[in-house]
Structure formats: C-alpha cells, structure tokens
2 protein chains.
Amino acid sequence: MTDTSKSQAPSRRSLIGWGGAGLALGAAAAGGAVAMARTGNDVDPTAAETGAPVEFHGAHQAGIATPVQDRLHFAAFDVETDDRAEFVRMLKDWTVAARRMTAGQPVGEGAYGGLAEAPPDDTGEALGLKPSRLTLTIGFGPSLFEKFGLADMRPEALVDLPKFSGDNLDKNRSGGDLCIQACADDPQVAVHAIRNLARIGFGKVVIRWSQLGFGKTSSTTPEAQTPRNLMGFKDGTRNIAGTETDRLKKFVWVDEKDVDEKSAWMTGGSYLVARRIRMHIETWDRTSLQEQEDIFGRDKGEGAPVGKAKERDEPFLKAMKPEAHVRLAHPDTNDGATILRRGYSFTDGTDGLGRLDAGLFFLAYQRDVRKGFIPIQRSLAIDVLNEYIQHVGSAIFAIPPGVRDKDDWWGRTLFSREA
Amino acid sequence: MTDTSKSQAPSRRSLIGWGGAGLALGAAAAGGAVAMARTGNDVDPTAAETGAPVEFHGAHQAGIATPVQDRLHFAAFDVETDDRAEFVRMLKDWTVAARRMTAGQPVGEGAYGGLAEAPPDDTGEALGLKPSRLTLTIGFGPSLFEKFGLADMRPEALVDLPKFSGDNLDKNRSGGDLCIQACADDPQVAVHAIRNLARIGFGKVVIRWSQLGFGKTSSTTPEAQTPRNLMGFKDGTRNIAGTETDRLKKFVWVDEKDVDEKSAWMTGGSYLVARRIRMHIETWDRTSLQEQEDIFGRDKGEGAPVGKAKERDEPFLKAMKPEAHVRLAHPDTNDGATILRRGYSFTDGTDGLGRLDAGLFFLAYQRDVRKGFIPIQRSLAIDVLNEYIQHVGSAIFAIPPGVRDKDDWWGRTLFSREA
C-alpha cells in the first residue's frame with residue numbers, strides 16, 4: 001500500500017506545506033548563527049539558553065571539548081554491507097545529514113518534504129525545534145577493522161579492553177562497528193538525529209544497541225554548577241574544561257607524535273570508552289551518609305574533598321580512606337592518567353525485580369586508553385563503590401579527526417588513503 | 001557495613017555540609033515562589049523558563065490541567081503489605097515528601113542530610129536544581145480495591161479495560177495497584193521524585209513498571225507551539241486547554257452527579273488511561289508523504305486538516321478518508337467523546353532486531369472512561385495507523401481529588417471513611 005515511486009513533479013501540496021516550514025527553520029537557523037557556539041575555545045556561554053547551533057566543522061569533532069549538553073542519545077551500529085563503496089557513500093550521506101541537522105535544518109535540501117509520492121527526507125519530529133547545540137560524533141570500533149580490508153589501518157592504541165574486576169558485561173549492550181554520539185539540550189533533537197542516520201543507513205548498518213541519557217553527570221565548563229550523579233554526589237569537579245587547550249592537547253587529542261603510517265589517519269582524533277554502569281540505588285539509598293561520603297572521599301552537600309571546605313579545593317588524598325573513589329581515580333594515584341568525562345545518568349524502567357534500572361552511562365575521551373581509562377579502571381578494582389555498581393556494557397571506539405569543510409566527510413582520512 | 005543506628009546529636013559535619021546546601025535551595029525556592037505556577041487557571045506563562053514550582057494543593061491534583069511539562073517519569077507500583085494502617089502511613093509520608101519535592105525542597109526537614117550515621121532523608125541528585133514545575137499525581141488501580149477491605153469503594157467507572165483490536169499487551173508493562181505520574185521540565189527532578197517515593201515505600205510497595213518520557217506530545221496550552229510525535233506529526237492540536245474551565249468540568253473532573261455513596265470519594269478526581277504505544281518507525285519512515293498525510297488527515301508541515309490551510313482550522317471530516325486518524329478520533333465521530341491527552345514520546349534503546357523501541361506513552365484523563373477512551377479506541381479499530389503502531393502496555397487508574405491543605409493527604413477521601 002506504500003507507493004514509493006518517484007514522480008518528477010513535486011506536488012503543489014508538498015511545496016506549500018513544507019516550504020513554509022522550511023522558511024521558518026531557515027530564519028531560526030539564521031538567528032541562531034548570531035550566537036554560534038564553537039568547539040573548544042570561543043564558547044558562547046548563552047548558547048545553552050538560545051539553543052544555538054554548534055559548528056560542525058573543525059580540526060576535531062564537536063561533542064568532545066564542546067560544553068556538555070543536557071541530553072544524550074548514543075547508538076552503536078553493526079555493518080551489514082560488505083561493499084566498501086556503498087559504505088563510503090553512506091558515510092558521505094551521513095556527513096551531509098549531520099551537517100544539516102547540527103545546523104538546525106532538516107535532512108534533505110529545498111522543499112525537504114520532497115515528493116508526496118516518496119517518503120519524506122526528514123522524519124519531521126524535530127521540525128520547529130531549535131538546533132539545541134546538537135553535536136554528532138562518529139567513532140569506529142575494533143570490529144570495523146576486520147572489514148573492508150582495513151586490518152592494517154587499525155591503530156595499536158585501539159586495543160581490545162581487558163576484562164576488569166567486577167565486569168558483568170552484556171554483549172547486547174557492548175561493542176559495535178560504529179558509534180554515533182548525539183548530544184543536545186533537547187532530547188527530541190538528539191533522538192531525531194540518531195533515527196535519521198539509522199534510516200539513511202538502512203541496509204548498510206543496523207543499530208546494535210542504543211542508550212538515552214537524561215542528565216549530564218560531568219561538565220566541561222567549570223564555571224557552571226557541577227552536575228550530580230544518581231548517587232547524589234557532584235561528579236566531574238576536576239574534569240578537563242573545553243577551554244583548557246593545553247590539557248586537551250596533552251590528554252585528549254591524538255598527536256602527530258602518537259601515530260605511525262598506518263594510524264596517521266587518527267591525528268587530531270581521540271579514543272572513546274563507553275561503559276554502561278548500573279547503580280544499585282536501592283542499596284545505596286539505605287547506606288549512611290558517613291559511609292557514602294567515605295566511599296566518595298567528598299562530602300555530599302558541598303562536594304568538598306575530605307577535610308576541605310569547598311568543592312574545588314585541592315584534594316588531600318592521604319586524608320581519605322585508601323579505597324576512597326576520588327583517591328583511587330585521581331591522576332596522582334595513576335601516574336598522571338587523566339580522561340575527559342562526558343557521562344550521562346540513565347533510567348531505563350525497571351529490572352523485573354522492582355528495582356529501577358538506573359545508573360551512569362560513562363563516556364570518557366582520551367589520547368590513549370592505555371594511559372587513560374585502563375590504568376584508572378584497574379586502580380578502581382578496590383573501590384568500595386564497586387559494592388553498589390556494576391559495569392554491564394562496554395565499548396571502545398577510535399574517534400577520527402573533525403570534518404574540515406563542506407567537501408570533507410566522516411572517515412575520509414581512514415577510507416581515502418587508497419581511494 | 002551500613003550503620004543505620006540513629007544518634008541524637010547531629011554531627012557537625014552533616015550540619016555544615018548539608019545546611020549550606022539547604023540555604024541555597026531555600027533561596028531558590030523563595031525566588032521561584034514569585035512566579036508560582038498554578039494548576040488550571042492562573043498559569044504564569046514564564047514558569048517554564050523560571051523553573052518555578054507548581055502549587056501542590058488544590059481541589060484537583062496538579063499534573064492534569066497543569067500546562068504540560070517537558071519530561072515524564074511514570075511509575076506503577078504493586079502493594080506488598082497487607083497492613084492497612086502501614087499503607088495509610090506510607091500515603092501520608094508520600095504526601096509530605098511530595099509537598100516538599102514539588103516546592104523544590106529535599107525530602108526531610110531541617111539539615112536534611114540528617115545524621116551522618118543514618119541514610120540521608122533525600123537521595124541528593126536534585127540538590128541545587130530548580131523546582132522545574134514538578135507535579136506528582138497519584139492514582140489507584142482496580143487491583144488495589146481487592147486489598148484492605150476496599151472492595152465496596154471501587155467506583156463503577158473504574159472499569160477493567162476491554163481488549164481492543166490489535167492489543168498486544170505485555171503484563172510486565174501493564175496494570176498496577178498504584179501509580180505516580182511525575183512531570184517536570186528537568187528529567188532529573190522527575191526521576192528523583194519517583195525514586196524517593198519508591199525509597200519511602202520500601203517494604204510496603206514495589207515498582208511494577210516505569211516509563212520515562214522525553215518529549216511531550218500533547219500540550220494543554222494552545223498558545224504554545226504544538227509538539228510533534230515520533231511520526232513527525234503535530235499532536236493534540238485540539239486538546240483540552242488548562243484554562244478551559246467549562247470543558248475541564250464537562251470532560252475531565254468527576255462531578256458530584258457522577259458518584260454514589262461508595263464512590264463519593266472520587267468527587268473532584270478523574271480517571272487516567274495509560275497506554276504504551278510502540279511505533280514501528282522504520283516502516284513508517286519508508287511510507288510516502290502522501291500516505292502519511294492521508295493516514296493522519298493532516299498535512300505534515302503545517303498540521304492543517306485535509307483541505308484547510310492552518311493547523312487550527314476546523315477539520316472538515318468528510319474531506320478525509322473514512323479511516324483517517326483525525327476523523328476517527330474526532331468527538332463528532334464518537335458522540336462527543338473528549339479526553340485530555342498528556343502523552344510523551346519514548347525511546348528505550350533497541351528491541352534486539354536493530355529497531356528502536358520507540359513510540360508514544362499515551363496518557364489520557366477523563367471524567368468517565370466509558371464515555372472517553374473506550375469509545376474513541378473502539379472507533380480507532382479501523383485506523384490505518386494501526387499498521388504502524390501496537391499497544392504493548394495498558395493501565396487504568398482512579399485519580400483521587402486534590403490534597404486540600406497541609407493537613408490533608410493523598411487518598412484521605414478513600415481511606416478515612418471508616419477511620
């Protein structure tokens with residue numbers, strides 16, 4: 001009953017109906033551009049309120065050093081096609097769509113409903129919504145390099161994560177050939193973006209798992225109020241800020257010095273570790289305040305490190321219990337290992353035992369996971385917090401550098417070497 | 001390892017740590033009170049931006065005629081205790097907590113972290129957040145009336161919903177002795193509220209199922225932009241507005257005329273039908289624009305009824321296909337049946353087949369479901385939309401009248417008759 005034949009003459013109706021909406025959106029995008037938010041430095045602090053767009057192009061992908069948006073939709077995809085050219089075409093189509101959606105425009109040019117006889121180019125649910133600082137960030141998982149003759153392009157730094165103490169990983173929430181991280185201040189904008197990329201990828205890729213995050217737990221804007229995780233504690237107080245160019249260079253962006261010929265395509269990129277961390281919040285909620293504060297190494301109200309008065313006071317690690325979370329995760333305990341955190345709280349209904357399926361969807365960006373997440377997570381093996389949490393999903397992705405301009409596309413540095 | 005013994009002397013530490021945060025919150029609540037939003041009439045249109053509190057007390061519960069907030073956490077509970085006095089105590093404790101949380105205050109009085117040796121009265125993750133127009137609305141399901149000697153108090157209007165054409169209900173997403181609808185502009189505030197009520201109810205009730213909604217699909221403020229559902233269409237254009245006192249009285253609030261002696265406790269209340277409606281969005285997205293518009297009976301861009309130019313133009317039903325959604329759901333097709341819709345879009349990851357588990361969590365309030373949801377849903381049996389949706393969860397609840405003042409409590413009219 002669905003007629004997908006393509007007539008050459010657009011119907012008057014689709015031109016009237018959709019053209020009008022297109023004008024309204026164009027005006028919104030133009031207005032938004034006045035307060036254009038940038039990645040890294042040069043961030044307009046009013047962008048969150050105005051719903052302005054974030055610049056899609058740059059040396060690095062947006063969505064890493066970008067001030068953390070309020071909501072997340074993260075999707076891991078598996079590749080279904082074995083046709084490299086088809087896959088590259090999809091990456092180019094994705095890039096065009098991502099460029100438009102992050103600017104607050106619908107997928108598809110012109111009277112974007114297209115022909116009445118064809119499915120709309122855009123699914124429509126973000127129509128009339130602000131750009132909402134949407135960022136779309138692509139990553140390539142280890143398993144992608146088993147396809148398309150990419151084996152010799154896999155960077156050594158894209159390791160398979162070791163099994164950590166206490167891991168209880170569900171393969172249906174782990175891994176993936178590709179990932180897209182969609183962050184926006186409006187969840188409908190983030191969900192719309194993932195859905196439209198999945199739609200464009202139909203037949204080439206399929207969603208392996210996806211995760212909605214409703215509340216950011218880490219900030220990359222230290223002047224803003226530090227968010228709290230679902231254990232009620234401030235989280236990410238000492239996170240790398242989007243404006244700390246030196247720390248970003250040192251800990252987040254892959255440098256020319258890090259790569260060899262086969263991994264040169266990663267220069268300017270980063271590595272992402274995603275972990276779905278279930279919290280046993282019902283148990284936590286029956287734990288005394290003192291115990292909770294001892295476990296974190298901070299007080300709950302203010303967020304100050306043990307023995308200090310203010311959240312941002314320098315922690316004195318020796319004042320904390322040896323297994324306090326802040327102490328174990330601190331760079332001084334881990335040879336300086338530092339990661340940029342961008343995690344979100346999640347609540348996905350109940351688990352069949354009357355307990356909320358809630359926790360932290362942990363996202364960490366780093367220059368090299370072997371000097372970032374891995375040593376930190378090993379250090380946390382004795383963390384008392386482990387009695388209240390469980391890692392149930394895990395994935396690692398190589399995050400390629402940014403899309404430089406309107407002719408560039410996601411993955412070009414990886415796929416165009418021989419092209 | 002958890003010490004829950006209660007010492008009489010609050011520790012200096014907890015007083016310092018939590019007292020400071022309490023002051024900050026007190027100031028926020030005081031500031032918010034200036035722009036206090038009200039249920040029904042007298043709505044401050046700036047409340048959404050200021051994050052102001054919604055008044056908890058009133059003849060009707062808040063969260064029905066209240067302007068629809070952006071986010072939802074809905075939980076259905078089953079009762080575990082058979083001790084009526086214990087259950088009533090929990091309802092009173094819930095009321096106290098709900099009164100505080102909707103005002104933007106943490107659960108628990110004073111230095112609300114309480115004693116360091118005891119679990120905190122509040123789980124903490126909403127600390128420092130605005131009241132965010134949080135409303136908490138309680139409902140009683142049919143199965144509750146099989147407990148506590150309530151059988152003769154069950155209103156006739158609280159029917160068991162019939163099986164509808166196409167229903168594919170999952171019992172793990174259906175039913176429940178009790179429900180709490182938490183709506184707020186900040187999802188963390190809504191999640192925090194449900195979690196703290198579940199915590200207070202520990203041992204007395206247990207969550208049966210819960211649902212997060214990320215985007216409202218119906219508005220009760222016609223002056224605002226009409227939201228779009230995940231099919232990309234504007235939804236709820238002709239919904240009952242929170243300011244339409246006459247229509248609320250006619251279609252939403254239970255009147256004295258509706259009740260007999262056994263159901264007199266429902267005067268001023270309402271009836272809620274909740275349906276989890278999965279959308280097969282991948283199939284929908286491959287359907288032509290013309291087909292989509294024919295199915296809804298509106299155009300996609302503007303939302304105008306067939307043959308009309310503007311969204312709010314009066315629909316001419318005979319211009320639509322006989323099985324168009326707008327036509328089938330219209331009061332003129334259903335002897336005037338009218339419901340107040342308050343639904344939310346959801347996306348709960350994937351379904352194991354690479355498809356997004358997404359759709360509409362439909363919430364409809366009405367004076368009598370036998371003259372509201374039931375005839376409308378029966379009429380929709382021939383809706384072509386049914387090829388793209390499936391009802392997978394269902395519940396019905398009697399929504400008691402509002403809590404009148406600070407001495408009143410949720411369910412008093414039901415539970416105090418013999419007390």
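Residues numbered from 1 in each chain as written. Chains lettered and ligands numbered in written order. Predicted model: local features only at pLDDT ≥ 70, side-chain atom pairs only at ≥ 80, totals over all residues. Heavy atoms only, no water.

(A) Layout of the overall build of chain A. Looking only at helices and strands, chain A has 10 helices and 10 strands in total. The buried share among the 419 residues of chain A stands at 59%. Restricting the contact set of chain A to residue pairs at least 6 apart, pairs at least 24 apart contribute 77%. Summing over all exposed atoms, chain A offers an accessible surface of approximately 15800 Å²; the carbon and sulfur share of this is 51%. (Helix = DSSP H or I, 4+ residues; strand = E, 2+ residues; numbered from the N terminus. Buried < 20%, exposed > 50% of the residue type's maximum accessible area, 1.4 Å probe, protein only. Contact = heavy atoms within 4.5 Å. Areas by Shrake-Rupley, 256 points an atom, 1.4 Å probe, with all protein chains shown as cover.)

(B) Structural view of the UniProt feature "domain: Dyp-type peroxidase C-terminal" (unreviewed entry) in chain A. Cross-referencing UniProt, the feature "domain: Dyp-type peroxidase C-terminal" (unreviewed entry) maps to residues 226–403 of chain A in the present numbering. The distance from the first to the last C-alpha atom of residues 226–403 of chain A is 30 Å, and the span holds 17% helix and 23% strand. (UniProt positions renumbered as here; feature names shortened; annotations may be inferred.)

(C) A look at the relation of the copies chain A and chain B. Overlay of chain A on chain B (RMSD 0.0 Å): rotation 180°, translation along the axis 0.0 Å. One copy is carried onto the other by what is essentially a two-fold rotation axis. Residue Asp348 of chain A, judged by its C-alpha, is the member of chain A lying nearest the rotation axis, at 3.3 Å. Here 100% of the interface residues in chain A have copies in chain B that are interface residues too; the copies meet face to matching face. (Least-squares fit on C-alpha atoms with pLDDT ≥ 70 in both.)

(D) Here's a closer look at the environment of Leu328 of chain A. Turning to its location among the elements, Leu328 of chain A is positioned in helix 8 (residues 325–329). For Leu328 of chain A, the residues in contact, after removing those within four places along its chain, are Pro322, Glu323, Thr333, Asn334, Ser379, Leu380, Ile382 and Asp383 of chain A.

(E) Focus on the packing of helix 3 (residues 84–102) of chain B against helix 4 (residues 187–200) of chain B. Residues and elements named next belong to chain B. Interaxial distance between helix 3 and helix 4 falls to 10 Å at its minimum, and their mutual angle equals 155°. Compared by their axis directions, helix 3 and helix 4 come out roughly antiparallel. Note that helix 3 runs across helix 4; the crossing there is right-handed. Residues Met90, Asp93, Trp94, Ala97 and Met101 of helix 3 pack against His192, Ala193, Asn196, Leu197 and Ile200 of helix 4. Split into classes, the residues belonging to the contact of helix 3 with helix 4 amount to seven nonpolar, two polar and one charged. (Axes fitted to C-alpha atoms, helices over the stretch in contact; angles between N-to-C directions. Parallel < 35°, antiparallel > 145°, perpendicular 65-115°, else oblique. Left-handed = near helix turned anticlockwise from the far one by under 90°. Nonpolar A, V, L, I, M, F, W, Y, C, P; charged D, E, K, R; others polar.)

(F) Highlighting the nonpolar core. Within the largest apolar cluster, 162 residues are counted, with the highest numbers of intra-cluster contacts made by Trp94 of chain A together with Trp94 of chain B. Setting aside residues no more than four positions away along its own chain, Trp94 of chain A makes contact with Phe77, Ile138, Leu178, Ile180, Leu197, Ile200, Gly201, Val205 and Trp410 of chain A. (Core = buried A, V, L, I, M, F, W, Y, C linked by side-chain atoms within 4.5 Å.)

(G) Up close: helix 3 (residues 84–102) of chain A. Residues and elements named next belong to chain A. Compared with the 27 Å implied by 1.5 Å per residue over 19 residues, the 26 Å span of helix 3 between its first and last C-alpha is a close match. All of the buried residues in helix 3 are Phe87, Val88, Met90, Leu91, Trp94, Thr95, Ala97, Ala98, Arg99, Arg100, Met101 and Thr102. If you follow the buried residues of helix 3, they end up packed against strand 1 (71–79), strand 2 (135–140), strand 3 (178–184), helix 4 (187–200), strand 4 (205–213) and helix 10 (412–415). Where helix 3 begins, one side-chain oxygen reaches toward the backbone nitrogen of Ala85, 3.0 Å away; that side chain belongs to Asp83. Directly beyond the C-terminal end of helix 3, a positive phi value near 85° is found at Gly104. (Expected span 1.5 Å × (residues − 1). Polar contact = N/O pair within 3.5 Å; in protein donor to acceptor, adjacent residues only side chain to side chain.)

(H) Highlighting the interface of chain A and chain B. The partner chain B presents 72 residues to the 70 residues of chain A that form the contact. In this assembly, chain A packs against chain B so that about 5500 Å² is buried in total across both faces, 56% of it on carbon and sulfur atoms. With a closest N to O distance of 2.8 Å, Asp285 of chain B and Arg195 of chain A form a salt bridge. Along the contact surface separating chain A from chain B lie 17 residue pairs in polar contact (both at pLDDT 80 or more). For the side of chain A that touches chain B, the secondary-structure elements that each account for two or more residues are helix 1 (12–33), strand 1, helix 4, strand 4, helix 6 (281–284), helix 7 (289–296) and strand 8 (344–350) of chain A. If you tally residues by element for the side of chain A that touches chain B, the top one is strand 4 of chain A, at six residues. (Buried area = accessible area lost by both parts, 1.4 Å probe. Salt bridge = Lys/Arg side-chain N within 4 Å of Asp/Glu carboxyl O.)

(I) Up close: unusual backbone geometry. Of note, Phe148 of chain A is a non-glycine position whose phi angle comes to about 55°, a positive value. Residue position: Phe148 of chain A is located in the loop between strand 2 and strand 3. Phi is positive for Arg133 of chain B, which is not a glycine, with a value near 55°. Within the element layout of this structure, Arg133 of chain B appears in the loop between helix 3 and strand 2 (135–140).

(J) Inspection of the layout of surface pockets at higher detail. Here the second largest pocket defines a volume of roughly 830 Å³. Lining of the second largest pocket is provided by 42 residues; of these, Arg173 and Asp348 of chain A together with Arg173, Asp348 and Asp357 of chain B occupy positions nearest its centre. Within the residue set of the lining of the second largest pocket, elements represented by two or more residues are strand 4 and strand 8 of chain A together with strand 4 (205–213), strand 8 (344–350) and strand 9 (356–366) of chain B. For the lining of the second largest pocket, the class distribution of residues is 11 nonpolar, 15 polar and 16 charged. (1 Å grid on protein atoms, 1.4 Å probe; cavity = no way out; pocket = protein on both sides within 12 Å on 5 of 7 lines; lining within 4 Å. Points joined across faces, edges and corners; volume = space filled by probe spheres on them.)

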